[in-house]
Protein chains: 2
Amino acid sequence: MPSLSVSEYSLVYNAFSFTFAAMFATFIYLVLSRGNVAPKYRTAITMSALVVAIAGYHYLRIFESWQAAFVIDPNNAEAYIASGKPFNDAYRYIDWLLTVPLLVAELVAVMSIAKGKGWLTFRLATAAALMVILGYPGEIAADTGTRALWGFLSTLPFVYILYELFVGLGPAIQNEKGEAKVLLRNIRLLLLATWGFYPIVYLIPIISGGAAATAGVIMAVQVGYCIADVAAKCGYGIMIYAIAKAKTDAEPAAAQMPAAAALAGD
Amino acid sequence: MPSLSVSEYSLVYNAFSFTFAAMFATFIYLVLSRGNVAPKYRTAITMSALVVAIAGYHYLRIFESWQAAFVIDPNNAEAYIASGKPFNDAYRYIDWLLTVPLLVAELVAVMSIAKGKGWLTFRLATAAALMVILGYPGEIAADTGTRALWGFLSTLPFVYILYELFVGLGPAIQNEKGEAKVLLRNIRLLLLATWGFYPIVYLIPIISGGAAATAGVIMAVQVGYCIADVAAKCGYGIMIYAIAKAKTDAEPAAAQMPAAAALAGD
């Protein structure tokens, strides 16, 4: 790791802490708000809550790894130097292995798909897990050739997921109504925009020809990951909630509170 | 950091711990009391709970950073000297980036605004986030000129927020009734009084001509921040709850529990 000034080190430190706080705040929000949506959409909210809980835990660990990787330079109190302990960055893959399949599953769970919902969820979640697993050997590889090979293999399930979301799910989204339809279109774009950040970061060591990362690259990558993760997990989870809420509000009350509604006709 | 006597060090230590305890106690109170208000006001209470949860987490971190920044003077057991690790004070900005937009959003959420609520929330929350983001480069700047420039830029969205609260929201507050109306007027004043503390602290290094902070200034700033944060987050959150409760009590019960009300006429 290169030396960092105190403000460079603090920027990444603060970005990790911000992301952790955003994850657990979203977790509390989703758990408290879960009762506001119809029972059939609550599984989607539960999965959104799991995603931010898992990601929050991993950010705490990444945060600790960042702290452990640096010490104040004994010759210069204004700088941080590498402590010798590696910064465990490939660790993110462990988070993604759990959260990325959940992210695609929660999108399917919140949609009104007449049949084949379970089988579609299985295909998308498997592709998501494969995407993460195939990326890992490239992430920890020392040479750029190996990185490029595994990166390419990892892209295949990613393309499959995009195909399912933008072509396969098209008719189902057309059948949605009002606000939910608009939100479902937007959430696909959010997913594309945020997930698109990860391959760009993955390519940096290949583009730079395997040169050691500079302080600028490290800051851009880590702060960039934080922004992408907050958008792809907190923002996405809150949009899933908004979709579930819009669909709950649009449906006859009978669908929301079966017992009371049957009695009161309300 | 200057040397501090044991009692000076402990005063700040105790103020941080007090603030953390106040935040998590308010969190528990809001979560447990949330069910007492009508469903339409619960989002405001949820946001209040998120604010104190996020702030509580950050106070725990600031507290740890304070502990790490000092060691007992090996030559004088009655004094604390700088350990060499920086006290991460700019860290508060990370807290504010999440909590300040939520504080303005919860005020809008608890009010009865006929239309444009979402767009007003977006404008206020964006201005609040901008205010924090623009303050950060000045906070970490070494020279007072840079600090003054970013401080000035940060004041622009602050003035916009005050304009919206005191002019834009005026008619909506006039339409509120009874206790809720009085509380809404008071909460604006609480917000003005507590938020007004932050620019004063921001100006201290400029007024002192960039001189290193003395023990007295550090104590005044840190204890002052604690008091302002407890008032602006715990006090404010409890007032939001009081407004929601007053409005719930003033409304016909039918509006609160649709299904049960239809049955029982309650």
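Residues numbered from 1 in each chain as written. Chains lettered and ligands numbered in written order. Predicted model: local features only at pLDDT ≥ 70, side-chain atom pairs only at ≥ 80, totals over all residues. Heavy atoms only, no water.

Caption draft 1: Just the environment of A:Ile54, in detail. All names here are of chain A. Here Ile-54 is to be found in helix H2 (residues 42–69). It is 9.3 Å that separates the C-alpha atoms of Ile-54 and Trp-96, two residues lying 42 residues apart in sequence. Apart from residues no more than four positions distant in its own chain, Ile-54 is found in contact with Asp-95, Leu-98, Thr-99 and Leu-102. (Helix = DSSP H or I, 4+ residues; strand = E, 2+ residues; numbered from the N terminus. Contact = heavy atoms within 4.5 Å.)

Caption draft 2: Quick peek at helix H4 (residues 117–140) of chain A. Residue and element names in this part refer to chain A. In this model H4 runs 35 Å from its N-terminal to its C-terminal C-alpha over 24 residues, within 8% of the 34 Å that 1.5 Å per residue would give. Among all positions in H4, only Leu-120, Leu-124, Ala-125, Ala-127, Ala-128, Ala-129, Met-131, Val-132, Leu-134, Gly-135, Gly-138 and Glu-139 are buried. Contacts made by the buried residues of H4 are with helix H3 (92–110), helix H5 (144–168), helix H7 (178–195) and helix H8 (197–207). (Expected span 1.5 Å × (residues − 1). Buried < 20%, exposed > 50% of the residue type's maximum accessible area, 1.4 Å probe, protein only.)

Caption draft 3: Layout of the relation of the copies chain B and chain A. When chain B is fitted onto chain A, the two copies agree to an RMSD of 0.2 Å after a turn of 74 degrees and an axial shift of 0.1 Å. The operation mapping one copy onto its partner corresponds to a five-fold rotation axis. The overlap is low: 4% of the interface residues of chain B also sit at the interface in chain A, so different surfaces are used on the two sides. (Least-squares fit on C-alpha atoms with pLDDT ≥ 70 in both.)

Caption draft 4: Structural detail: the packing of helix H3 (residues 92–110) of chain B against helix H9 (residues 215–250) of chain B. Residue and element names in this part refer to chain B. Orientation of H3 relative to H9, taken along the N-to-C sense of each, is 25 degrees, at an axis distance of 11 Å. With respect to their mutual orientation, H3 and H9 come out roughly parallel. Note that H3 runs across H9; the crossing there is left-handed. Facing H3, whose interface residues are Arg-92, Asp-95, Trp-96, Thr-99, Leu-103, Val-104, Glu-106, Leu-107 and Val-110, H9 presents Gln-222, Tyr-225, Asp-229, Ala-232, Lys-233, Tyr-236, Gly-237, Ile-240, Ile-243, Ala-244 and Lys-247. By residue class, the composition of the contact of H3 with H9 is 11 nonpolar, 3 polar and 6 charged. (Axes fitted to C-alpha atoms, helices over the stretch in contact; angles between N-to-C directions. Parallel < 35°, antiparallel > 145°, perpendicular 65-115°, else oblique. Left-handed = near helix turned anticlockwise from the far one by under 90°. Nonpolar A, V, L, I, M, F, W, Y, C, P; charged D, E, K, R; others polar.)

Caption draft 5: Geometry of the interface of chain B and chain A. On the chain A side, the residues contacting the 24 residues of chain B number 26 residues. Carbon and sulfur atoms make up 73% of the surface buried where chain B meets chain A, a total of about 2200 Å² over both sides. If you look at where chain B meets chain A, you find 0 salt bridges. One can count 4 residue pairs in polar contact (both at pLDDT 80 or more) joining chain B with chain A. (Buried area = accessible area lost by both parts, 1.4 Å probe. Salt bridge = Lys/Arg side-chain N within 4 Å of Asp/Glu carboxyl O. Polar contact = N/O pair within 3.5 Å; in protein donor to acceptor, adjacent residues only side chain to side chain.)

Caption draft 6: Focus on the packing of aromatic side chains. Counting across every chain of the model gives 45 aromatic pairs over all chains. Ring pairing ties together the aromatic residues A:Tyr9, A:Tyr13, A:Phe16, A:Tyr59, A:Phe63, A:Trp66, A:Phe70, A:Tyr80, A:Phe87 and B:Tyr91, which thus form one cluster. Over the aromatic face of A:Tyr202 sits the side chain of A:Arg147, whose NZ or CZ is 4.6 Å from the ring centroid. (Phe/Tyr/Trp six-rings, centres within 6.5 Å; stacked < 30°, edge-to-face > 60°. Lys NZ or Arg CZ within 6 Å of the ring centre and 35° of its normal.)

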